[in-house]
Amino acid sequence: MRLFASRVTAHAHCDLPCGVYDPAQARIEAESVKATQEKYQANEDPVFRARAIVIKEERAELVKHHLSVLHTDYFKAPHFEKYPQLHELFNNAGKAASAAKASTDPASGQALLDLIAEIDSIFWETKKAAA
């Protein structure tokens, strides 16, 4: 068994480090969080509401995952030097994802979307600069 054991562990957001990154993944999941919160508010059926909570929580976790990948894999030291607010922005977005996960208020979903929009703006500025 030791002959086949991996000696080096590699981590990537996919099985092959593809270099494809886009905040759209986090935004789409955050849009789902907010839409689910809105549907929750508009429906009194307890079974529907229970399903909505499960879906919202799953999507909020996916937001956190996609943000983490962008933060740790895409953005590099020169980006953080040029945009010193970036670490705090990711921290705030992660906390907003956790807050939206715990809330049925669509305002928390919108707050998350607003932070992702800020990250998105910086992301595309860095992509233009690299082109």
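The structure under discussion appears in the preceding block.
Residues numbered from 1 in each chain as written. Predicted model: local features only at pLDDT ≥ 70, side-chain atom pairs only at ≥ 80, totals over all residues. Heavy atoms only, no water.

## A closer look at the nonpolar core
The nonpolar side chains of soluble globular proteins are, as a tendency, buried together. Counting residues in hydrophobic clusters, the biggest one holds 27 residues, and the most contacted among them are Leu67, Phe75, Leu86 and Leu112. Of all elements in the fold, only α1 (24-41), α2 (46-74), α4 (86-102) and α5 (106-130) reach the threshold of two or more residues within this core. (Core = buried A, V, L, I, M, F, W, Y, C linked by side-chain atoms within 4.5 Å. Buried < 20%, exposed > 50% of the residue type's maximum accessible area, 1.4 Å probe, protein only. Helix = DSSP H or I, 4+ residues; strand = E, 2+ residues; numbered from the N terminus.)

## Digging into α5
Between its first and last C-alpha atoms α5 spans 36 Å; for 25 residues at 1.5 Å apiece the expected length is 36 Å, and the two agree. Taken residue by residue, α5 has Pro106, Ser108, Gly109, Leu112, Leu113, Leu115, Ile116, Ile119, Ile122, Phe123 and Thr126 as its buried positions. Buried residues along α5 sit in contact with α1, α2, α3 (77-82) and α4. (Expected span 1.5 Å × (residues − 1). Contact = heavy atoms within 4.5 Å.)

## Observations concerning the side chain of threonine 126
Locating threonine 126 in the fold gives a position in helix α5. We classify threonine 126 as buried; its relative accessible area is 5%. From its side chain, threonine 126 meets the backbone oxygen of phenylalanine 123 in a polar contact 2.5 Å long. Sequence-distant contacts of threonine 126, that is, excluding residues within four places in its chain, are made with Tyr74, Phe75, His79 and Tyr83. (Polar contact = N/O pair within 3.5 Å; in protein donor to acceptor, adjacent residues only side chain to side chain.)

## Structural notes on the pattern of salt bridges
All chains considered together, the criterion is met by 6 salt bridges. Across the pair arginine 27 and glutamate 31 runs a salt bridge whose closest N-O atoms are separated by 2.8 Å. On the criterion of helical spacing, the pair formed by arginine 27 and glutamate 31 is a turn pair, its members being 4 residues apart in helix α1. Classification of arginine 27 as partly exposed rests on a relative accessible area of 34%. (Salt bridge = Lys/Arg side-chain N within 4 Å of Asp/Glu carboxyl O.)

## Considering the packing of aromatic side chains
Enumeration according to the criterion identifies 7 aromatic pairs in this entry. Measuring from ring centre to ring centre gives 5.6 Å for phenylalanine 75 and phenylalanine 90, while their planes differ by 65°; the resulting arrangement is edge-to-face. Residue phenylalanine 75 is found in the loop between α2 and α3, and its partner phenylalanine 90 is found in helix α4; the two are separated by 15 residues along the sequence. Looking at phenylalanine 90, the relative accessible area reads 6%, which means it is buried. Here the aromatic residues Tyr21, Tyr74, Phe75, Phe80, Phe90, Phe123 and Trp124 are joined through ring pairs into a cluster of three or more. The cationic tip of arginine 49 hangs over the ring face of tyrosine 40; the distance from NZ or CZ to the ring centre is 4.0 Å. (Phe/Tyr/Trp six-rings, centres within 6.5 Å; stacked < 30°, edge-to-face > 60°. Lys NZ or Arg CZ within 6 Å of the ring centre and 35° of its normal.)

## A look at the side chain of serine 103
You can see serine 103 is positioned in the loop between α4 and α5. Polar contacts involving the side chain of serine 103 include one to the main-chain amide nitrogen of aspartate 105, which spans 2.9 Å. At a separation of 3.5 Å, a polar atom in the side chain of serine 103 contacts the side chain of serine 108. Excluding residues within four positions of it along the chain, serine 103 makes contact with Gln37, Lys56 and Ser108.

## What to know about α2
Structurally, the α-helix is built with 3.6 residues per turn, so residues lying three or four positions apart point the same way. Over its 29 residues, α2 runs 41 Å from end to end, which matches the ideal 42 Å to within 8%, given 1.5 Å per residue. Regarding α2, the residues found buried are Arg49, Ala52, Lys56, Ala60, Val63, His66, Leu67, Val69, Leu70 and Tyr74. Considering only its buried residues, α2 is in contact with α1, α3, α4 and α5.

By themselves, these figures tell us nothing about what the structure is for.
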